[in-house]
Amino acid sequence: MRPDELATHTMTRRNMLRTTAVATTGFVLSPWLHAAQSNSSAVYASKRPHPQDRNFTSQVVEDFLQHTTRRIGDPMLAWMFNNCYPNTLDTTVHLGSFDGKPDTTVITGDITAMWLRDSSAQVWPYLPLAGRDKALRQLLEGVIRRQVRCILIDPYANAFMTDLNAPTNLTWSLQDKTEMKPGVGERKWELDSLCYPMRLSHGYWLHTADATPFDAQWVKAMKLAVATMRVQQRKHGEGPYSFQRKSDVSTETLPASGFGNPVKPVGLIASGFRPSDDACIFPFLVPSNLFAVAMLRQMAEVAHAAAKDDALANDATALAAEVESALRQ
């Protein structure tokens, strides 16, 4: 969990629902009032940026918005969908190029850095439309290529700077005791961070049949990802990764000199932090290992069919089988 999130960590479900209602409507909705509004013909004002202020515009996305909105009977839900679905494209993507190829940064929205997990999830809803929009397809290709560059800088990092040559400007990372490299925003080792780019690559390939992003650099990054997962099985010691942060919150740092609590090597992959950015008490985080099994196999499909690298495909498949067997045991 990032420091900016800690203040709301203890929010109850009731308070969360109340806050959401206030944020989206300006007042608290009772069930009866909500029902009345759902049946009304009230028109909700768009909260999207003006067209000229949007970071990326796709006519295919706009057509999809209109088509889907007409099928939503509740005007409030229709209003929410219209504002939320295109928000990533409107406000968080930044298009560029690197070595003459698409290069897309996706910030989280509240922090000007790119998380491997967040960026993958943020653009995921647009994959079904990519086959009908070349510009959208290039934007997504740019995300994959940017993630490849990030992984090659440091496979243990979870967040990266927009300028991959710049040091971190995230205030909570400035004094971290770990191997910080230029371009790294935060260096919390989270197994799922390597899984999400695999998922995005597979989703892109599935929806577009476009092998363009899956070049030698992609293969190099995926090989490094698999190798990192193998190192973190900790069969031959703790490995090179350690992380310590001066904090009053225990979940912001790792015990045992930054290597995390000890494990008995059984074939599972150790993770320093959970997807919430909170430190693992038990490094063999089962949900992330289950995710790794599925994503290694999906990545192997892309390696075989799109990248034409059977060695990578076989290595990923073998690791997936080993981790799955360890999970069952």
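Structure: above.
Everything numeric in this text was worked out from a predicted model, so none of it was measured. Numbering of residues starts from 1 in every chain and runs along the sequence as written. Thresholds applied to this predicted model are a pLDDT of at least 70 for local features of residues and 80 or more for the giving and counting of side-chain atom pairs; totals over whole chains, interfaces and linings are not thresholded and use all residues. Hydrogens are left out, water is left out, and the side-chain values use all remaining heavy atoms of the structure.

## Focus on empty space enclosed by the protein
Link 1 in the chain: Using a 1 Å grid laid over the protein atoms alone, points where a 1.4 Å probe fits but cannot get out form a cavity; open sets with protein on both sides within 12 Å along at least 5 of 7 lines form a pocket; any residue with an atom within 4 Å of a point counts as lining. Grid points are joined across faces, edges and corners, and a volume is the space filled by probe spheres set on the points. This structure, assessed with the given rule, holds 1 cavity of 30 Å³ or more.
Link 2 in the chain: Taken as a whole, the largest cavity spans an internal volume of roughly 50 Å³.
Link 3 in the chain: Every residue lining the largest cavity is listed: Arg234, Tyr241, Leu254, Phe259, Gly260, Ser271, Gly272, Cys280 and Pro283.
Link 4 in the chain: Within the lining of the largest cavity, the residues separate by chemical class into 5 nonpolar, 3 polar and 1 charged. Just so you know the grouping, Ala, Val, Leu, Ile, Met, Phe, Trp, Tyr, Cys and Pro go in nonpolar, Asp, Glu, Lys and Arg go in charged, and all remaining residues, Gly too, go in polar.

## So, the environment of Thr208
Link 1 in the chain: For helices the rule is a DSSP run of H or I covering at least 4 residues; for strands it is a run of E covering at least 2, with both sets numbered from the N terminus onward. Mapped onto the fold, Thr208 is located in helix H9 (residues 191-208).
Link 2 in the chain: Spatially, the C-alpha atom of Thr208 lies 9.1 Å from that of Leu129, the residues being 79 residues apart in sequence.
Link 3 in the chain: Any two residues whose heavy atoms approach within 4.5 Å at even a single point are treated as in contact. Sequence-distant contacts of Thr208, that is, excluding residues within four places in its chain, are made with Ala130, Gly131 and Arg137.

## Re the packing of aromatic side chains
Geometry of an aromatic ring pair is reported as the spacing of the ring centres plus the angle between the planes.
Link 1 in the chain: For Phe, Tyr and Trp, where Trp contributes only its six-membered ring, two rings pair if their centres lie within 6.5 Å, and the inter-plane angle classes them as stacked under 30 degrees, edge-to-face over 60, or tilted in between. Counted by the stated rule, this structure contains 12 aromatic pairs.
Link 2 in the chain: Taken together, a centroid distance of 5.2 Å and an interplanar angle of 75 degrees make the contact between Tyr85 and Tyr126 edge-to-face. Of this pair, Tyr85 sits in the loop between helix H4 (75-84) and helix H5 (87-92) while Tyr126 sits in the loop between helix H6 (116-123) and helix H7 (127-130), and the two are 41 residues apart along the sequence. As far as burial versus exposure is concerned, Tyr85 and Tyr126 are alike and both buried.
Link 3 in the chain: Between the aromatic rings of Tyr196 and Phe291, the centroid separation amounts to 5.1 Å while the plane-to-plane angle is 70 degrees, which identifies the pairing as edge-to-face. Of this pair, Tyr196 sits in helix H9 while Phe291 sits in helix H11 (residues 286-305), placing them 95 residues apart in sequence.
Link 4 in the chain: Joined through ring pairs, the aromatic side chains of Phe64, Phe81, Tyr85 and Tyr126 make up one cluster.
Link 5 in the chain: The lysine or arginine in question, Arg149, covers the ring of Phe98, its NZ or CZ lying 3.5 Å from the ring centre.
Link 6 in the chain: Placement of a positive charge over a ring is assigned whenever Lys NZ or Arg CZ falls within 6 Å of the ring centre and within 35 degrees of the normal to the ring plane. Positioned above the aromatic ring of Trp124, the side-chain terminus of Arg199 is 3.8 Å from the ring centre. A simple rule labels every residue: compare its accessible area, found with a 1.4 Å probe on the protein chains alone, to the largest value its type can have, and call it buried under 20%, exposed over 50%, or partly exposed in between.

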